[in-house]
Amino acid sequence: MSTSSTGADRPVAVVTGASSGIGAATARRLATDGFRVVCAARRADRVEALAAELDGVAVTCDVTVPADVERLVQAAGDRVAVLVNNAGGALGLEPVAAADVEKWRRMYDTNVLGTLQVTKALLPALVADGEGVVVNVGSVAGLVAYEGGGGYTVAKHGVHVMTETLRLELVDQPVRITLVAPGMVHTEEFSLTRFDGDRERADKVYEGVPGPLVAEDVADAVAWVATRPAHVNVDLLVIKPRAQAAPHKVHRVPS
Ligand code: NAP
């Protein structure tokens, strides 16, 4: 990997969901590590500001829209060293018996089909790189179920299994496939989105937790995975705060 911080010779890293939280922190970290970062998300103003800051490239892209994904491919070019499929998130916390089917559909579309479409479209460029890495941002919700996890646990299990399947299918190709599965990360928007803008409910998720992860912790894990030697495939990296032993088992200090 080139460590030059300017010029077109920098290896290319594509980060989806780069407009906030883990995606933005990962874009910043990969730029610091010497990559030319292609920052993709639906909010144009945010990805444009970030790309300007990082001397990278902004693509306004909804990962569920094929024409947007095609523009992302054009912007990324013929060789892609790193693809971070981070766009996604959770909607609601209803039990399965009270599931909102439309929310489930949106979660499946973004987390699973978005990851699928972007990966499929960029695979030729990742293989052409000769040392490419796909890092899918899953979740501990993709490893174990929890009550109320509903469509989110289903979607992240989908991302998990897709990652495993792809690694099996591409074993003879020069490309690596990783799942980074974070536990509780205190980002600005994840829980706000989950609870449809309800700030009080969103804040309660992190209440009393002595040290949830922050976006930079996950970015650090992604960057580590992405910068191993070309023969090293990190299959699965689970990263949780010390205070979280399982999705549903969180230590909280009463206030
Ligand atoms: P976040 O701040 O809400 O970030 C989600 C990102 O995805 C945003 O940049 C959003 O940008 C983008 N996005 C959503 N739908 C999209 C679409 N259709 N097309 C393109 N981009 C889309 O949350 P976060 O905490 O950083 O989460 C990032 C990833 O980590 C998600 O996959 C999430 O499931 C996973 N994760 C989070 C946690 C946690 O506790 N926070 C734990 C485990 C895993 P736009 O709205 O601008 O498109």
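Residues numbered from 1 in each chain as written. Predicted model: local features only at pLDDT ≥ 70, side-chain atom pairs only at ≥ 80, totals over all residues. Heavy atoms only, no water.

A few words on the overall build of the protein. Looking only at helices and strands, one finds eight helices and nine strands in the protein. Computed over C-alpha atoms, the radius of gyration of the protein comes to 17 Å, within 12% of the 18 Å expected from 2.2 N^0.38 for 255 residues, which places it in the range of a compact globule. Here the C-alpha coordinates of the protein stretch approximately 50 × 35 × 35 Å along the principal axes. Residues counted as buried form 50% of the 255 residues belonging to the protein. On the protein, the mean spot of the 25 positive side-chain charges and the mean spot of the 31 negative ones are 4 Å from each other. (Helix = DSSP H or I, 4+ residues; strand = E, 2+ residues; numbered from the N terminus. Rg over C-alpha atoms; globule rule 2.2 N^0.38 Å. Buried < 20%, exposed > 50% of the residue type's maximum accessible area, 1.4 Å probe, protein only. Lys, Arg positive; Asp, Glu negative; His and termini not counted. Charge placed at Lys NZ, Arg CZ, Asp CG, Glu CD.)

This part is about the site of the ligand. In the vicinity of the ligand there are 28 residues, among which Ser19, Ser20, Arg42, Tyr152 and Thr187 approach most closely. Separating an oxygen atom of the ligand from a backbone N or O atom of Gly17 is a distance of 3.0 Å. Ile22 has a polar backbone atom sitting 2.8 Å from an oxygen atom of the ligand. In the complex, 94% of the free accessible area of the ligand, which totals 880 Å², lies under the protein chains. (Near = heavy atom within 4 Å. Polar contact = N/O pair within 3.5 Å; in protein donor to acceptor, adjacent residues only side chain to side chain. Areas by Shrake-Rupley, 256 points an atom, 1.4 Å probe, with all protein chains shown as cover.)

Note that an α-helix has 3.6 residues per turn; residues three or four places apart therefore point the same way. What helix H3 (residues 66-76) keeps buried is the set Asp68, Val69, Leu72, Val73 and Ala76. Along the long axis of H3, the arc covered by the buried residues comes to 145°, so they all point the same way. Along H3, exposed side chains directed more than 90 degrees from the buried face belong to Ala67 and Gln74. In the core, the buried residues of H3 are packed alongside strand E1 (12-16), strand E2 (36-41), strand E3 (57-60) and helix H4 (101-129). Backbone geometry just after H3 places Gly77 at a positive phi near 90°. (Arc of directions from axis to C-beta. Contact = heavy atoms within 4.5 Å.)

Let us now look at helix H8 (residues 215-226). For H8, spanning 12 residues, the distance from its first C-alpha to its last is 16 Å, which sits close to the expected 16 Å at 1.5 Å a residue. What H8 keeps buried is the set Ala215, Val218, Ala219, Ala221, Val222, Ala223, Val225 and Ala226. Here the buried face of H8 lies against helix H1 (21-32), strand E4 (82-85), strand E5 (132-137), strand E6 (175-182) and strand E7 (236-239). (Expected span 1.5 Å × (residues − 1).)

With that out of the way, let us pick up the confidence of the model for the protein. This prediction gives the protein a mean pLDDT of 96; 97% of its residues lie at or above 70. This stretch, residues 1-7, has a pLDDT under 50; its non-local contacts, to residues over four places away or in other chains, come to 13 contacts. (pLDDT = per-residue confidence, 0-100.)

Within the secondary structure layout, Asn86 lies in the loop between E4 and H4. Residues contacting Asn86, with those up to four places away along its chain left out, are Thr16, Gly17, Ile22, Gly23 and Val137.

For the rest of this paragraph, the subject is the packing of H1 against H8. Closest axis-to-axis distance for the H1/H8 pair is 8 Å, and the angle between their directions is 50°. Taken together, the axes of H1 and H8 lie oblique to each other. Seen along the crossing, H1 lies across H8 with a hand that is right-handed. On the side of H1, the interface is formed by Gly21, Ile22, Ala25, Thr26, Arg29 and Leu30, while H8 contributes Ala215, Glu216, Val218, Ala219, Asp220, Val222 and Ala223. (Axes fitted to C-alpha atoms, helices over the stretch in contact; angles between N-to-C directions. Parallel < 35°, antiparallel > 145°, perpendicular 65-115°, else oblique. Left-handed = near helix turned anticlockwise from the far one by under 90°.)

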